[in-house]
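Letter by letter, the chains look like this.
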Amino acid sequence: MSKKVLIISSSPRKGGNSDLLCDGFEKGALEAGNEVEKIFLKDKTVHPCTGCSVCSMYGKSCPQKDDAAEIVEKMIVADVIVMATPVYFYTMCGQMKIMIDRCCARYTEITNKEFYFIIAAAENDKSMMERTIDGFRGFLDCLENPQEKGVIYGIGAWKVGEIKDTPYLQEAYEMGKLV
């Protein structure tokens, strides 16, 4: 059965290492017969949460007029959500964290989703990347019935495109085919 797959790429560079891993995952998911949409956060305007509490205290939509509401709506509709980030100082990049924070208004509606995480880092020690994945898992801890289905640890890639010389691009493709 075909699934709706939403890939959120938070790389600040199109064709950056985490973005290339997204492309590999997308190719596999499409070949498996799924409907796939990739959002490149750099092409969107997503402002940080202001902590105004309009959503949490009054149940109203976020008063900010940017692209976050559209992205959150797509997360609610999707069956599968892929969250991808380059690793900055052993954590997710700011663009991804801002997007996660903007889910505050409707996070209780992001239910029964399958999640995949993709990271790209210059670091070669996979165990050091767990801090980044723990940040994603903290988000999932706030959701109803999330299922973590897989993680791509794209390590050892510093310069743009270096991920192509690793087995991780193929791993992302194969994981996408399993959706």
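Being a predicted model, the structure only gives us computed values, none of them experimental.

A.B. asks: Explain unusual backbone geometry here, please?
C.D. replies: Glycine aside, residues mostly have negative phi, and peptide bonds are mostly found in the trans state. We note that Phe89 has phi near 50 degrees; this positive angle belongs to a residue other than glycine. Here Phe89 shows up in the loop between β3 (80-88) and β4 (91-92). By relative accessible area, Phe89 is classed as exposed at 82%.

A.B. asks: It is not clear to me how the UniProt feature "domain: NADPH-dependent FMN reductase-like" (unreviewed entry) in the protein chain should be interpreted in this structure. Could you clarify?
C.D. replies: With numbering matched to this structure, UniProt assigns "domain: NADPH-dependent FMN reductase-like" (unreviewed entry) to residues 4-122. Along residues 4-122, the helical share is 32% and the strand share 25%, with 31 Å between the first and last C-alpha atoms.

A.B. asks: What is the right way to read the pairing of strand β2 (residues 35-40) from this model?
C.D. replies: Looking along a regular strand, one sees side chains alternate from face to face of the sheet. Judged from the six bridges that link them, strand β1 (residues 4-9) and β2 form a sheet pairing that is parallel. Counted as the bridge partner of Ile7 is Lys38 from β2. Each parallel crossover has a hand, and for β1 linked through helix α1 (residues 17-31) to β2 it is right-handed.

Conventions used here
- Residues numbered from 1 in each chain as written.
- Predicted model: local features only at pLDDT ≥ 70, side-chain atom pairs only at ≥ 80, totals over all residues.
- Heavy atoms only, no water.
- Helix = DSSP H or I, 4+ residues; strand = E, 2+ residues; numbered from the N terminus.
- Buried < 20%, exposed > 50% of the residue type's maximum accessible area, 1.4 Å probe, protein only.
- UniProt positions renumbered as here; feature names shortened; annotations may be inferred.
- Pairing = 2+ DSSP bridges.
- Right-handed = clockwise from strand over helix to strand, strands pointing away.

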